[in-house]
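So the chains spell out like this:
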Amino acid sequence: MSSQQHKKMRQRYVSIGSGELVSVVVFAVVAWRVTPRFADPTDVRALWSALVPLLLILIQGGAYWLLARRWIGTGHMPRGLAAVYRVFRVVDVAILAGGLVGVLVWFPDSLAMSALVVGIWLFGVLEYVNYFVVRLSYPLRTWLSQVARGRSPRLVQDLRRSRQRPAVHYQGSTD
């Protein structure tokens, strides 16, 4: 990879990671400041039940992209970080399930709020799938053909590569 390509990839990763983290702040602030003004307290609980899993997944995703700048070109995610993301992969399913339970327990009466809450929860599921199952994020004009290919997300590729590389030993320890 040339120096120019490396720089371009790093900038892309910064953009994606920063975008994910900015979206977390925007979603959280809007939910915290706006919804209590027009929503029933039970509806607000349902909203947060849907939103918290999404926010956690977006934080993990944003952190991944920002950290991944460090191993562009080498192709190796540090093993310790890979272990953390393997745990996220399992824990996020439980968090999404817990969020769904909250959504169902406090399911909103109004159609608009119900649609919002279900839409947010489904967005969290899509983000999980996009990071840990199959890549879903492509430009709109090529989306259908690209998704049909069923490519592995970059995070999953990095997790696989972290297992394939040999351990580096320094005075009896591994990285």
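Here is what the cut-offs are and how they apply
- Within each chain, residue numbers correspond to sequence positions counted from 1 in written order.
- Two thresholds apply to this predicted model, a pLDDT of at least 70 for residue-level local features and 80 or more for giving and counting side-chain atom pairs, whereas whole-chain, interface and lining totals are computed over all residues.
- Only hydrogens and water are removed before side-chain values are computed, so all heavy atoms of the structure are retained for them.
- Segments assigned H or I by DSSP are reported as helices when at least four residues long, segments assigned E as strands when at least two residues long, and all are numbered from the N terminus.
- Throughout, exposure labels follow a simple rule: accessible area from a 1.4 Å probe, protein chains only, divided by the maximum for the residue type, with under 20% read as buried, over 50% as exposed, and the rest as partly exposed.
- Two residues qualify as a contact provided that any one of their heavy atoms is within 4.5 Å of a heavy atom in the partner residue.
- Note that accessible areas follow from Shrake-Rupley with a 1.4 Å probe, and for residues the cover is restricted to the protein chains shown.
- The charged-residue count follows a simple rule in which Lys and Arg add positive charge and Asp and Glu add negative charge, with His and chain termini not counted at all.
- A charged residue contributes its charge at one atom only: NZ of Lys, CZ of Arg, CG of Asp or CD of Glu.
- One less than the number of residues in a helix, times 1.5 Å, gives the span that helix is expected to have.
- Remark: nonpolar core denotes a set of buried residues (Ala, Val, Leu, Ile, Met, Phe, Trp, Tyr, Cys) joined through side-chain atoms within 4.5 Å.
- Two rings from Phe, Tyr or Trp (for Trp, the six-membered ring) form a pair when their centres sit within 6.5 Å of each other. Planes less than 30 degrees apart are called stacked, planes more than 60 degrees apart edge-to-face, and all others tilted.
- The rule for a charge over a ring is simple: NZ of Lys or CZ of Arg within 6 Å of the ring centre, and within 35 degrees of the ring normal.

Asks: Got a sec to walk through the overall build of the protein? Specific residues and values, please.
Replies: Looking only at helices and strands, one finds 7 helices and 0 strands in the protein. A principal-axis box enclosing the C-alpha atoms of the protein has dimensions of 60 × 45 × 30 Å. In the protein, buried positions account for 35% of the 175 residues. Put simply, of all contacts in the protein between residues at least 6 apart along the chain, 71% involve residues at least 24 apart. Looking at the protein as shown, the accessible area adds up to about 10,400 Å², and 65% of this sits on carbon and sulfur atoms. Averaging the locations of the 21 positively and 8 negatively charged side chains of the protein gives two centres separated by 16 Å.

Asks: Residues and numbers for helix α1 (residues 3–33), please.
Replies: In this model, α1 (31 residues) spans 44 Å end to end at C-alpha, consistent with the 45 Å of a helix rising 1.5 Å per residue. What α1 keeps buried is the set Tyr-13, Gly-17, Glu-20, Ser-23, Val-24 and Ala-31. Looking at the buried residues of α1, the elements they touch are α2 (35–38), α3 (41–68), α5 (111–132) and α7 (154–164).

Asks: Tell me about the nonpolar core, and name the residues and values.
Replies: Counting residues in hydrophobic clusters, the biggest one holds 32 residues, and the most contacted among them are Tyr-64, Met-77, Tyr-85, Val-117 and Leu-155. Those elements that place two or more of their residues in this core are α1, α3, α4 (79–105), α5 and α7. Examining the composition of this core, we find that 12 residues originate from one element, α3, more than from any other. Not counting residues within four places of it along the chain, the set of residues in contact with Tyr-85 comprises Gln-60, Ala-63, Tyr-64, Met-77, Phe-132, Leu-155 and Leu-159.

Asks: Go over the side chain of Gln-146, please, and point to the residues and values.
Replies: With respect to the element layout, Gln-146 can be found in helix α6 (residues 143–148). The exposure class of Gln-146 is buried, given its relative accessible area of 14%. Leave out the neighbours within four places in its chain, and Gln-146 touches Tyr-138 and Arg-151.

Asks: Hey, could you go over the packing of aromatic side chains for me, with residue numbers and the actual values?
Replies: One pass over the full model with this rule turns up 7 aromatic pairs. When the centroid spacing of 5.0 Å and the interplanar angle of 65 degrees are considered together, the rings of Tyr-64 and Trp-65 count as edge-to-face. Centre to centre, the rings of Tyr-64 and Tyr-85 are 6.1 Å apart; their planes meet at 70 degrees, and the pair counts as edge-to-face. Separated by 21 residues along the polypeptide, Tyr-64 in helix α3 and Tyr-85 in helix α4 bring together distant segments of the chain. The same class applies to Tyr-64 and to Tyr-85, which are both buried. Above the face of the Trp-32 ring, Arg-33 is positioned so that its terminal group lies 5.3 Å from the ring centre.

Geometry only, nothing functional implied.
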